Amino acid sequence: MLINISEVLTKPYKTADETVELNLSRCDLPFGSFEICHLDPVHLTVRHLREKELDVLIETKVNLDLSCDRCLGSVNHQMDIQGNRHVNLECSEAELTEELDESNFIQGFNLDVEQLLLSELVLSWPTKILCSEECEGLCNVCGGSKSAVNCDCEDTGLDPRMSVVRDLFQNSGLNDEVV
Ligand SMILES: [Zn+2]
Ligand SMILES: [Zn+2]
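Remember, it's a predicted structure, so these values are computed and weren't measured experimentally. (Residues numbered from 1 in each chain as written. Chains lettered and ligands numbered in written order. Predicted model: local features only at pLDDT ≥ 70, side-chain atom pairs only at ≥ 80, totals over all residues. Heavy atoms only, no water.)

### Comments concerning the sheet that holds strand S9 (residues 110-112)
Formally: We treat two strands as partners when DSSP finds at least two bridges between them. Put simply, DSSP marks the helices as runs of H or I at least four residues long and the strands as runs of E at least two long, and each gets a number from the N terminus on.
If you trace the three strands from one edge of the open sheet to the other, you get S1-S9-S8, paired in antiparallel fashion. Of all the strands in the sheet, the pair left with one neighbour each is strand S1 (2-4) and strand S8 (106-107). As paired strands, S8 and S9 are joined by two bridges and run antiparallel to one another. Each residue of the ladder has a partner; that of Gln-107, found in S9, is Asn-110.

### Observations regarding the pattern of salt bridges
So the rule is basically this: Note on definitions: salt bridges are taken to be side-chain nitrogens of Lys or Arg within 4 Å of carboxyl oxygens of Asp or Glu. Each residue is placed in one exposure class: buried if its accessible area under a 1.4 Å probe, protein chains only, is under 20% of its type's maximum, exposed if it is over 50%, and partly exposed if it falls in between.
Considering all chains together, one arrives at four salt bridges under this definition. Residue Lys-14 pairs with Glu-7 through a salt bridge whose shortest N-O separation is 3.4 Å. For Lys-14, a relative accessible area of 28% puts it in the partly exposed group. Note that Arg-47 is salt-bridged to Asp-55, the shortest N-O span being 2.5 Å. Using a relative accessible area of 34% as the deciding quantity, one classes Arg-47 as partly exposed. By relative accessible area, which is 9% here, Asp-55 ends up buried.

### Considerations on the side chain of Glu-120
To keep things clear, this is the line we draw: Pairing of N or O atoms within 3.5 Å defines a polar contact, subject to two protein rules: one partner must be a possible hydrogen donor and the other a possible acceptor, and residues neighboring in sequence count only if both atoms are side-chain atoms. Here, residues are in contact when the closest pair of their heavy atoms is within 4.5 Å.
Mapping Glu-120 onto the fold places it in helix H3 (residues 113-123). Within polar-contact distance, the side chain of Glu-120 engages the side chain of Arg-85 at 2.9 Å. The contacts of Glu-120, once residues within four sequence positions are left out, are Ile-58, Ile-81, Gly-83, Asn-84 and Arg-85.

Listed below in structure tokens is the structure:
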């Protein structure tokens, strides 16, 4: 969604305040595509500072469907987005593009709300996603989630890929020599 900010851009010290509803069900980020379960209305404040400098504030809450880093189970993760960007329009088009990286959210007299939101998501992305702090991850014998499936596997600490070889020795009665 594009917001026309020409009034702010042409009048120094002018502030624009907007709240917009974005219809986003997924977000495509450089490291993956994620489902958006809920997105609050996006609140934006664009302030024209001295000369050609802008201050852009974005505020919203987003609920995402992510997966746990340990057990791969589904995690409903809420992110409170509170971003503040300083934009200097004095820069040349090329400099501006470079400075803002892939988050080039100002195009001419328009502000691309979706683009800005996506770049804020990248900036505030959690380093670790866990279904719970106590998540025990996956059983390295049966591959099931230890918290969800209450498996009786004995964690031998051995590489599960070696179990075929172990069974082979057990069946041939050579077990004693191996262990
Ligand atoms: Zn987990
Ligand atoms: Zn198991």
